[in-house]
Amino acid sequence: MQRQRFIIRTIGVAAAVALAATACGPQKSESAGSTPSAPSSPTAGATPEASPTTDNKPGEASPSPSPSASASASPSASPSPTVKQIMANGDDTDQVRELQARLRQLKLMSVAPTGFYGSKTTAAVKSFQSKNGLTATGSVDEATWKKIQSASKKPTADELRPPTVNEVDAPDPRCMEGRVMCISKESRTLAWMIDGKVISTMDVRFGSENTPTREGVFKVDRKEKEWTSTLYHTSMPYAMFFSGGQAVHYSADFAARGYAGASHGCVNVRDKGKLSTLFGQVNVGDKVVVYW
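Please read these numbers as outputs of a predicted model, since none were measured by experiment.

K.L.:
Sorry, what's going on with the sheet that holds strand β11 (residues 287-291) here?
P.N.:
Through backbone hydrogen bonds, the strands of a sheet pair up, either in parallel or in antiparallel fashion. Read from one edge of the open sheet, nine strands run β6-β11-β3-β4-β5-β10-β9-β8-β7, paired in mixed fashion. Each end of this open sheet is capped by a strand with a single partner; those strands are β6 (216-219) and β7 (222-224). Each neighbouring strand pair of the sheet contributes to a mean axis angle of 25°, computed without reference to strand direction. Pairing analysis gives four bridges linking β6 to β11, with the strands arranged antiparallel. Across the sheet, residue G216 finds its bridge partner in β11, namely V290. Sheet strands touched by helix α8 (residues 272-281): β3 (179-184), β4 (189-194), β5 (197-205), β7, β8 (239-243), β9 (246-250) and β10 (267-269). Its angle to β5, the strand with the most contacts, is close to 130°.

Dropping the structure here:
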């Protein structure tokens, strides 16, 4: 019994130390051009890949079954046709980014491409499908993808990753009262709001799938104009901590590489001037809402 108590106390101390550490800084393993939340290898709980389980590329026919497999099938069994899904809600890939850029060309999306397939992308795909005589599922199958490709042109680099500020998402209901940093993962924006009114907005990026930014309602528990990550030894100017070592802060890496990189869980801001102003307005105790 005493040994069990000792183990529990030891685990509790380790957890407290982990929370106290400031675990932010750019992901060094991310390669240029990769999406922020795409893991380098499959992990438990990771979003399923948008591509099919076979090795064939989207648009290619599935390989025919082997003779032995055909022989073992029951003559009366007539397999029902399945629709191969290429992209669907929850995916986060470069192909989704291309889809969003094409939908933007077709005036079906106004938000800049993020690579994440969320509610706005689902609604835009449904709209396209309805207008083109397709079943409005909101997911992209081969027929939908071919029609979208034929109705649009291959996106340019600026269309895939526009230099302009992202369009702000509709505020979460929890952002409508008081002083709130309202942070949308889908539109990748931070809106500073007071009593439901948007005061300022800015682009943000988040941690990768392996080191995600936590979602929920928090409070700013401390502010540091100059700070260095105690784990990654990277600079975190204008840091406003809201969940253990996670903070809203300026990132020179985000300013230089954009969404080709990711943080280790913090909310990165690339506009230092805007963040400097926000830092002067936010008080310890103000609310932080992070949501999809």
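Don't stop here, the text continues.
K.L.:
Honestly, the pattern of salt bridges in this entry has me stumped. Any pointers?
P.N.:
Pairs can form between side chains of opposite charge whenever their charged atoms are close. A complete count under the given rule lists twelve salt bridges for this structure. Its salt-bridge partner being D286, residue R179 comes within 3.1 Å of it at the nearest N-O pair. In this pair, R179 sits in strand β3 while D286 sits in the loop between α8 and β11, placing the two residues 107 residues apart along the sequence. Judged by relative accessible area, which is 29%, R179 ranks as partly exposed. The buried category is assigned to D286, whose relative accessible area is 8%. For the salt bridge of R205 with D253, the shortest nitrogen-to-oxygen distance reads 2.6 Å. Linking R205 in strand β5 with D253 in helix α7 (residues 252-257), this pair joins segments that are 48 residues apart in sequence. Overall, D253 belongs to the buried group, its relative accessible area being 18%.

K.L.:
Before we go on, may I ask you to explain the side chain of D172 in this structure?
P.N.:
Note on placement: D172 falls in the loop between α6 (157-160) and β3. Within polar-contact distance, the side chain of D172 engages the side chain of R174 at 2.8 Å. When neighbours within four sequence positions are excluded, D172 is seen to be in contact with C182, V289 and Y291.

K.L.:
How should I be thinking about α8 in this particular structure?
P.N.:
Every α-helix carries 3.6 residues per turn, so stepping three or four residues along brings you back to the same face. All of the buried residues along α8 are L275, L278 and F279. Angularly, the buried residues of α8 cover 105° about the axis, an arc narrow enough to put them on a single face. Between a side-chain oxygen at the N-terminus of α8 and the backbone nitrogen of G273 the separation is 3.2 Å; the capping residue is D271.

K.L.:
Would you take a moment to explain the state of the cysteines for this structure?
P.N.:
Each disulfide consists of a covalent bond between the sulfur atoms of two cysteine residues. Scanning the model with the defined rule gives one disulfide in all. Residue pairing for C175: its cysteine sulfur links by disulfide to C182, the two sulfurs lying 2.1 Å apart. On the S-S bond that ties C175 to C182, the torsion sits near 85°, and the link is right-handed. Accessibility classification places C175 together with C182 in one group, the buried group.

Scoring rules and cut-offs
Residues numbered from 1 in each chain as written. Predicted model: local features only at pLDDT ≥ 70, side-chain atom pairs only at ≥ 80, totals over all residues. Heavy atoms only, no water. Pairing = 2+ DSSP bridges. Helix = DSSP H or I, 4+ residues; strand = E, 2+ residues; numbered from the N terminus. Axes fitted to C-alpha atoms, helices over the stretch in contact; angles between N-to-C directions. Contact = heavy atoms within 4.5 Å. Salt bridge = Lys/Arg side-chain N within 4 Å of Asp/Glu carboxyl O. Buried < 20%, exposed > 50% of the residue type's maximum accessible area, 1.4 Å probe, protein only. Polar contact = N/O pair within 3.5 Å; in protein donor to acceptor, adjacent residues only side chain to side chain. Arc of directions from axis to C-beta. Disulfide = S-S within 2.5 Å.

So far we have only geometry, and geometry alone does not tell us how the molecule works.
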